[in-house]
Every structure is written in C-alpha cells, then in structure tokens.
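# Inside the fold
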Amino acid sequence: MSTLVVVGSQWGDEGKGKITDYMAQEADVVVRSQGGNNAGHTITFDGNKYALRSIPSGIFNPKIKNVMANGMVINPKQMLEELKGLEERGIKDYQLFISNRAHVVMPYHQELDGAYEQFKGDKKIGTTKRGIGPCYADKANRIGIRIGDLINPESFKLVLKDTLTIKNMELKMLGLEPFDFDKIYNEYVQYGQEIKKYVCDTSLLLEEEIEKGSKVLFEGAQGVMLCLDHGSYPYVTSSSPTGASVPLNAGVAPKYINNILGICKAYTTRVGEGPFPTELDGDLAHYIRERGHEYGTVTKRPRRVGYLDCVALNYARRISGINYLALMLFDVLSGLETLKICYAYEMDGKIINTVPATLEEYQNCKPLYIEMPGWEEDITNVTSFDELPLNAQNYIRKIEELTKTEIVLFSVGPDRKQTIKLKEFF
Ligand code: GDP
Ligand code: IMO
Ligand code: MG
C-alpha cells in the first residue's frame, strides 16, 4: 500500500503542481480531492509550461489514472476548455475520471461570488471570483447540483428548476438579474453530455486501485492556512486543503493515508486579503516578487511576499500531519545578504508558537525572527545538497530544526529537472 498526499503548507501557490507532476513519474493514480478552478498549478518540462486549474497534474502521463473526486467543485465549461487547450498542445492520450458526487459550479455562483465581494467593500476576501464559495455554500445548504445530475438530462432539469428558483430569489434580493432557466439548461445539459464519458464512482475506483497496490498521489489545492476550518478565517477558501480532508473528499478510508508531504516555499506568499505577519514591502518584497515571478496563475494579481513563517508552517504541520517537507523556490533567495525566519509570534506582550483563532488576535501578532547569513551564488543548476553554498545548507537545516520535520526534496527552478530528491518517500 502506498499513498502520498501533497499538501500546501502555507497560503497556496507553494509549487504543489510542480511536485505532483514530479512525483507522478512514480505514481499510478493522481487525485484532486478539493477546490476547483480557483487553483492554478504550474508545471514546466521539456521547454513547455502548463497552468492547470481543475485537471489533476498527472494528465501528461498516459499511464496515469487522473481522478477528480467528490470533494471538488467543477466548472464544466472551464474544465472542458482546459482539456481542449491541453489537447491542442498535443496532450491527447490521457485517462480522466470524474466523480458523480462532485458539485457543479454554475454561472450564478460566479455572479454571486463577485457580488458578495463588492458588497463587502474593504472587507472583501479577495477571492478568485470563480464561484467557489457560493458553490460549496449550496452544497452545504443541500441545493447544489452534482455531476451525477448534470449528465442525466431529466435529473438535471428537476434539480436545476428547484435550485434556480431559490438562486433567482437571492439574485433579485441583491438587485441582480435573474438567470433564464432555458438558457442555462440548454447550455449546461450539453456540457453534461460532453463529460459523461469520464464520470463514474471514483471512490470505488480508488479503493480498487489502493487494494491492488497502485501508487496513489493526492494533489492538494490551496494551502492549510486557507483552510475553511483551520485557516485565517474569514480570509480563507471554502474547502479544507488539509491532509485530514483527503479521505472525506476522495471517498477513501483514512487507514489508506500514510504519508503527507508539505509543500513549502523558502519564503512566504499570499494572494488575496487577510493577516500575514511576516509580510514585506519595499525593495526586498520587490526583489523576491520579481525573482520568483510572484504573480497569480489564475488572477495575475501580484502576490504579497514575506519571510518564511515557521509558526504558520508548524501549525500546518500539526493540523495536517505533515511528515515530510519539500522546500520550493529556493533559488529565489540567492543574492540576499541576510535572511530571516520567523520562529515565534509576540501577541499582547506574550510569546506564542501557534496561530491564534481570531482575526483580531492574528492581526496583533508580531513576528520574532532569527537571522541567518544569505548566499550570493546562483543555485539553479545545483543537483545535490552538497553542491549548495554552506549558508544555503544551513538554511535547510534550520528549517528542519524549527519544524522538527525532514526536508526530503528541494527545488531550484520551475523545471521538472530542477528538483533534488534527498531520499525516497513514496
Ligand atoms: P501551486 O498552486 O502550489 O501549484 O503553485 P503555482 O504553480 O501557483 O506557483 C508556483 C510558481 O513557482 C509557478 O510559477 C512555478 O512554475 C514556480 N516554481 C515552482 N518551483 C519553483 C522553484 O523551485 N524555483 C522557481 N524559481 N520557481 C518555481
Ligand atoms: P493553488 O491551488 C493561492 C485564495 C484567494 C482568496 C481566498 C478565497 O493554486 O495554491 P476563493 O476563490 O477560493 O474563494 O478565494 O483563497 N486562494 C488561493 N490563493 N493559491 C490558490 O490555489 C488559491 N485558491 C484560493 O486568493 O484569498
Ligand atoms: Mg497556484
């Protein structure tokens, strides 16, 4: 039995796509279990760069079964466009399986996402405006539409009728235009027919694969600090990107989950609003942002950047059961004289080592730093730990010490080849 969960251990965009693609070289199955096209996972190999949104990062390997599991929210229009885009680039030979229990992101979800953000004004979340929150809200409110409904024209008609009655009342209350039943029905019933061939009970498929000894890789989206339950609420996404959510969101028993690989940038970024204790501004922020090309894959927004925050990282490790770390974008830090790592927060005169629950408390946290000397050398061509400058080696060792977790892999560039695995863990 071998499963591996790839979890974002910060605020997203840690390089989960790159590592999932890299580890997929050893996998039989790759599973996305939560989120939707709010994710943007960048993968670079053989001179090509791909930005995946809903499709799992094992799609490039014809031998891999790619699963979009029940915990996802799927925008069928976007997903079909994404597949078409891949096919146009020569990715035609793939295996894709979509859960009949996954929820469908409808156009009114996107409309409502934008409207809520506008009403919140300066308290806006800074969502990706892909309708993710409103879709998960309908799921919890039991008025969602599932993929299993979408692919059956009669069921779809019935559920859409009921749901749209409610959604149109909501839209009218907010002063927005209601949606026309026939227009949505005719468009979306067509998408249902197009994706029908991929749809099945993915929970059964995963059980079968795990039981026969296949290697299954679970590709997290977002990051633990964006978790609906454990993140910096309310500045979070609407699903749970933790390791604990994988069994529920993929329909596999918890006993099958053995290893959780936390993906972590060598610094920190955040896109969207919300607390960020180690945030930087000025020249240093600019230096890191430009070297790391820190602009959102989905929305192109400049990402906020800061020093590595080991309080948040340790919190993610604890909540998510991370037992290995992958250190990403390490090359970005070359050329900095001094590096800082946050090891604790000071809150109201007290030193704390965990992330507080309320926004008010979190906004009051001041980072406490250790300082380390940086390195000048370009490390993008390094192929082993020993080739790293001594100060870069020390940086890795310090993170391991502060998180009590082994760094099993580090990454020195976007390309698949710029990945240095330090031990076998899958
Ligand atoms: P994800 O959402 O976690 O998959 O991460 P994104 O793809 O949104 O953002 C990570 C960005 O960093 C992408 O543009 C990657 O191509 C890039 N990247 C990944 N690893 C490295 C690395 O080690 N060095 C550099 N310079 N870029 C990297
Ligand atoms: P990947 O998988 C970074 C952020 C948004 C916003 C908040 C809520 O690429 O790491 P949502 O649209 O989900 O309701 O937005 O969450 N967010 C992400 N930030 N990476 C992501 O995904 C994100 N998905 C959502 O910016 O702050
Ligand atoms: Mg991303």
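Whatever comes next refers back to the structure up there.
First, a word on scope: everything that follows refers to the structure included in this document. Please read all numbers here as calculations on a predicted model, not as lab measurements.

Conventions and cut-offs
Counting of residues starts from 1 at the beginning of each chain's written sequence and follows it residue by residue. As a convention, the first chain written is A and the first ligand written is 1, with the rest following in written order. In view of the model being predicted, local features appear only for residues whose pLDDT reaches at least 70, and side-chain atom pairs are presented and counted only at 80 or more, with totals across whole chains, interfaces and linings using the full set of residues. Neither water nor hydrogens contribute to the side-chain values; these are computed over all heavy atoms in the structure. Burial classification: accessible surface area is computed with a 1.4 Å probe over protein chains only, and a residue below 20% of its type maximum counts as buried, one above 50% as exposed, and the rest as partly exposed. Under the scheme used here, helices are H or I runs from DSSP no shorter than 4 residues and strands are E runs no shorter than 2 residues, and both carry numbers assigned from the N terminus. DSSP calls a pair of strands paired once it identifies at least 2 bridges connecting them. Only residues whose relative accessible area exceeds 30% and that form no salt bridge are eligible for patches; like-charged ones are grouped when within 9 Å, while nonpolar side chains (Val, Leu, Ile, Met, Phe, Trp, Tyr) are grouped when within 5 Å. Calculation of accessible area relied on Shrake-Rupley with a 1.4 Å probe; when residues are assessed, cover is drawn exclusively from the protein chains displayed. One speaks of a salt bridge when a side-chain nitrogen belonging to Lys or Arg is within 4 Å of a carboxyl oxygen belonging to Asp or Glu. The convention is simple: Lys and Arg are positive, Asp and Glu are negative, and His and the chain ends are not counted. To locate a charge, the coordinates of NZ of Lys, CZ of Arg, CG of Asp or CD of Glu are taken. Being near a molecule or strand, for a residue, comes down to having at least one heavy atom within 4 Å of it. Polar contacts, as used here, are pairs of N or O atoms within 3.5 Å; protein pairs need one atom able to donate a hydrogen and one able to accept it. Residues neighboring in sequence count only if both atoms are side-chain atoms. All amino acids are sorted into three groups, where Ala, Val, Leu, Ile, Met, Phe, Trp, Tyr, Cys and Pro are nonpolar, Asp, Glu, Lys and Arg are charged, and the leftover types, Gly among them, are polar. Water is not part of the atom set, so a site may look incomplete; the donors themselves are N, O and S atoms within 2.8 Å of the metal, or 3.2 Å for Na, K and Ca. Axes here mean lines fitted to C-alpha atoms, for a helix over just the part in contact, with angles spanning 0 to 180 degrees between N-to-C directions. Just so you know how the angles are binned, under 35 degrees is roughly parallel, over 145 roughly antiparallel, 65 to 115 roughly perpendicular, and the rest oblique. A crossing counts as left-handed when the near helix is turned anticlockwise from the far one by less than a right angle, and as right-handed when that turn is clockwise. We call two residues in contact whenever any of their non-hydrogen atoms come within 4.5 Å of each other. Here, the term nonpolar core denotes a set of buried Ala, Val, Leu, Ile, Met, Phe, Trp, Tyr and Cys residues that are joined through side-chain atoms within 4.5 Å.

Counting buried positions over the five residues of strand β10 (residues 215–219) gives four, a clear majority of the element. The pairing of strand β2 (residues 29–32) with β10 spans four bridges and is parallel. Bridging across to β10, R32 finds its partner in E219.

On the surface, E346, D348, E360 and E361 cluster together into a patch of negative charge. Secondary-structure assignment places E361 in helix α12 (residues 359–363).

Quick look at the site of ligand 1 now. Residues in close proximity to ligand 1 total 19 residues, the closest being K16, G40, T42, D331 and S411. In the environment of ligand 1, an oxygen atom lies 2.8 Å from a nitrogen or oxygen atom belonging to the backbone of G17. Relative to its free-state accessible area of 580 Å², ligand 1 is covered by the protein chains to the extent of 94%. Within the residue set of the shell around ligand 1, elements represented by two or more residues are α1 (16–24) and β3 (41–45). Looking at the shell around ligand 1 element by element, the count peaks at three residues for α1.

In the vicinity of ligand 2 there are 20 residues, among which D13, K16, H41, T128 and T237 approach most closely. For ligand 2, an oxygen atom lies 2.6 Å from a polar atom in the side chain of K16. Side-chain polar atom of N38 to an oxygen atom of ligand 2: 2.9 Å apart, as the coordinates give it. Here ligand 2 has 550 Å² of accessible area as a free molecule, and 98% of this is covered by the chains. Partitioning the shell around ligand 2 into residue classes produces seven nonpolar, 10 polar and three charged.

Here we take up the coordination of the magnesium ion (ligand 3). Coordination sphere of the magnesium ion (ligand 3), protein contribution only: D13 (OD) and G40 (O), at 2.0 to 2.2 Å. With a gap of 27 residues between them, D13 in the loop between β1 (2–8) and α1 and G40 in the loop between β2 and β3 connect regions that are remote in the sequence.

Our focus in this paragraph is the packing of helix α6 (residues 153–173) against helix α7 (residues 181–195). Contact pair α6 / α7: the axes reach a minimum separation of 11 Å and the direction vectors enclose 140 degrees. Of the possible angle classes, the one that applies to α6 and α7 is oblique. Read as a crossing pair, α6 and α7 show a hand that is right-handed. Taking contact as the criterion, the partners of P153, F156, K157, L160, K161 and L164 in α6 are, on α7, F181, I184, Y185, Y188, V189 and Q193.

Counting 69 residues, the largest nonpolar core has F330, Y395 and F410 as the members making the most contacts within it. Top element by residues in this core is helix α11 (residues 310–320). It accounts for seven residues. Setting aside residues no more than four positions away along its own chain, F410 makes contact with L327, F330, V382, S384, F385, L388, I396, Q418, T419, I420 and L422. In this structure, Y50, F156, V189 and V199 belong to the second largest nonpolar core, which totals 40 residues.

The subject of this paragraph is the sheet that holds β2. Read across the open sheet, the 10 strands follow the order β9-β7-β5-β2-β10-β1-β11-β15-β19-β20; overall the sheet is mixed. Each edge of the sheet is formed by a strand with only one pairing partner; in this case those strands are β9 (199–200) and β20 (419–421). One ladder, built from four bridges, connects strand β15 (residues 324–328) with strand β19 (residues 406–411); its direction is parallel. From the neighbouring strand, L325 faces β19, where its bridge partner is I407. The sheet strands contacting helix α13 (residues 390–403) are β15 and β19, and the helix crosses β19 at an angle near 140 degrees.

With that settled, the discussion passes to the environment of E14. With respect to the secondary-structure elements, E14 resides in the loop between β1 and α1. It is 6.8 Å that separates the C-alpha atoms of E14 and M328, two residues lying 314 residues apart in sequence. Setting aside its immediate chain neighbours within four residues, E14 contacts G8, S9, Q222, G223, I263, C264, K265, M328 and L329. A polar atom in the side chain of E14 sits 2.9 Å from the backbone nitrogen of Q10. At 2.8 Å, the side chain of E14 forms a polar contact with the side chain of K16.

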